[in-house]
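Single-letter residue listing:
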Amino acid sequence: MARPRRLRLPRPDKLPLRARLTLIYGAILTPAGVVLLGVTYVLFEQQVPKGAKFIDTVEKAPTGTPSPGTPRAQPEERFITVDGERTRLPDTAVALKRQQDALNDAAATSLLSQGGIVLVVVGGVAAGFGWLVAGRVLAPLRQVTETARRIAAAPAAGRGLHERIALSGPQDEVKDLADTFDTMVERLDRSFDGQRRFVANASHELRTPLTLGRALVEVAMHRRTASEDVQRLGEDLLEINLRHERLIGGLLLLADSENEVTERLPVDMADIVTHVVGQTAAEAGAAGVTVHEETAEAPTSGNALLLERLVHNLVENGIRHNSGPGGTLRVASRAAPDGGAVVEVVNTGPLVAPFDVPTLFEPFRRLGRDRVISAKGAGLGLSIVRAVARAHDGTVTARPRDGGGLVVTVTLPPWAHTAPG
């Protein structure tokens with residue numbers, strides 16, 4: 001036989017603050033009402049007997065033995081004691097005494113019963129009033145919480161920090177909290193802006209010496225007197241220079257993609273996938289990787305150049321981190337159930353541990369012990385993919401593929417149709 005389930009009430013420390021404040025109001029008011037009702041009853045009991053002080057006690061008079069000649073019983077006599085004097089009492093006074101006692105009992109009972117009902121009603125009204133007052137008091141805290149939640153839910157680091165609470169009202173503890181929060185968010189906003197400006201400016205400044213160095217190497221290589229050793233050295237230097245240029249370009253793109261996309265145009269991800277697969281066909285062929293393209297309409301909206309870079313990085317990552325000649329790469333686009341766009345890239349390759357997957361989206365992070373710029377890239381590919389997806393209010397997830405490799409899925413929001421003016 002199944003045992004009946006016990007009803008579990010929520011613990012007081014698990015209740016919302018508004019509910020706890022309401023319970024505190026009720027806990028304070030109910031004992032106060034009970035004490036007030038008890039004091040009223042005591043005062044009532046003390047005051048009522050004063051009106052009947054003229055009767056202290058009522059007693060029967062002793063009756064004598066009836067004489068043999070009297071057939072009727074003698075009438076019962078009663079006496080009262082008033083201020084110590086014993087006096088004969090008529091039947092009318094006895095009835096008045098009994099009626100007065102019954103009236104006092106009824107009044108006391110009515111006071112307790114109706115007073116208890118009034119106490120319950122007033123307690124309920126006070127609890128409702130306490131609920132409203134607690135909601136009014138906690139309204140500024142809810143405003144602080146909602147602003148903090150919107151900032152925390154921003155799709156990219158630093159986005160949403162432009163919001164402020166700007167709480168109005170008296171200079172109390174809650175307003176001090178809101179002003180302190182605004183100050184903290186403002187400093188964070190300036191910090192993120194400075195970081196992005198530094199990355200962009202440093203990348204631009206580093207491009208100049210790289211371009212100059214490439215030009216000097218090319219001039220030295222194309223001299224008539226250049227030996228074969230000089231030419232081989234020049235080719236190696238140009239390859240290293242190209243990798244650094246890719247690194248600088250990736251940093252610039254990463255800094256730009258962290259910004260919110262304000263102007264969005266309709267884009268079909270199927271067209272972008274077809275275009276990128278055609279662009280990377282030569283690299284895939286040189287690596288011996290077979291690319292399978294599966295495209296279906298996937299409408300979304302955003303910056304077409306950034307979305308092309310997103311798909312290009314995914315395909316390029318799938319080719320470079322593949323299992324070499326004989327490997328496969330599947331690139332697919334489709335519409336999401338909610339009307340958005342989905343791009344999925346699946347590649348063969350080495351085994352990837354599940355705990356290593358989150359680190360792949362961090363800048364300069366790659367599998368294995370490789371921590372320097374190599375032919376496989378600088379480790380910015382997936383971090384740029386995540387930044388571009390977040391800038392478009394999308395998401396990117398990855399999971400290990402059975403047998404080795406990676407499955408990366410990008411989900412973008414649906415294209416928001418705008419009605420003509």
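Nothing here was measured: the structure is a model prediction, and the numbers come from that model.

Colleague: Would you take a moment to explain the confidence of the model for the protein for this structure?
Modeller: Reading predicted coordinates in detail is not appropriate for stretches of low pLDDT. Summing up the model confidence of the protein, the mean pLDDT is 75 and the portion of residues at 70 or higher is 72%. Residue range residues 50-58 is modelled with pLDDT below 50. Its contacts to residues more than four positions away, or to other chains, number 17 contacts. Contacts from residues 369-375, a stretch scored under 50 in pLDDT, to residues over four places away or in other chains number 13 contacts.

Colleague: Could you clarify how one ought to interpret the nonpolar core in this entry?
Modeller: The tendency in soluble globular proteins is for nonpolar side chains to be buried as a group. Ranked by size, the top nonpolar core spans 36 residues in total, and within it Met269, Leu310, Val311, Leu314 and Val410 carry the most contacts. Elements with a minimum of two residues in this core: helix H5 (269-279), helix H7 (304-320), strand E7 (328-335), strand E8 (341-347), helix H8 (381-391) and strand E10 (406-412). The leading source of residues in this core is H7, at seven residues. Beyond its immediate chain neighbours, meaning those up to four positions away, Val311 contacts Met269, Ile272, Val273, Val276 and Val343. Counting eight residues, the second largest nonpolar core, distinct from the first, contains Val144, Ile151, Leu161 and Leu167.

Colleague: Where do I start with the packing of H7 against H8 in this structure?
Modeller: In a packed pair of helices, the relevant descriptors are the angle between the two axes and the axis-to-axis distance. With their axes 9 Å apart at the nearest point, H7 and H8 run at an angle of 150 degrees to one another. For the element pair H7 / H8, the angle class is roughly antiparallel. Crossing of H7 over H8 shows left-handed handedness. Contacts between H7 and H8 involve Leu306, Leu307, Arg309, Leu310, Asn313, Leu314 and Asn317 from the first element and Gly381, Leu382, Ile384, Val385, Val388 and Ala389 from the second.

Colleague: Looking at this structure, I do not really get the pattern of salt bridges. What am I missing?
Modeller: Once their charged atoms are close, side chains differing in charge can pair, the charge on each being opposite to the other. Overall, the coordinates contain eleven salt bridges when judged by the stated rule. Taking the shortest distance from any N to any O, the salt bridge between Glu186 and Arg190 comes out at 3.3 Å. Note that Glu186 and Arg190 are positioned in helix H3 (residues 173-221) at a spacing of four residues, about one turn of the helix. Residues Arg232 and Glu228 are paired through a salt bridge, measuring 3.9 Å at the closest nitrogen-oxygen approach. One end of the pair is Arg232 and the other is Glu228, both in helix H4 (residues 228-257) and four residues apart, which spans about a single turn. Several salt bridges share partner residues, and in doing so they unite Glu228, Asp229 and Arg232 into one network.

Rules used in this analysis
Residues numbered from 1 in each chain as written. Predicted model: local features only at pLDDT ≥ 70, side-chain atom pairs only at ≥ 80, totals over all residues. Heavy atoms only, no water. pLDDT = per-residue confidence, 0-100. Contact = heavy atoms within 4.5 Å. Core = buried A, V, L, I, M, F, W, Y, C linked by side-chain atoms within 4.5 Å. Buried < 20%, exposed > 50% of the residue type's maximum accessible area, 1.4 Å probe, protein only. Helix = DSSP H or I, 4+ residues; strand = E, 2+ residues; numbered from the N terminus. Axes fitted to C-alpha atoms, helices over the stretch in contact; angles between N-to-C directions. Parallel < 35°, antiparallel > 145°, perpendicular 65-115°, else oblique. Left-handed = near helix turned anticlockwise from the far one by under 90°. Salt bridge = Lys/Arg side-chain N within 4 Å of Asp/Glu carboxyl O.

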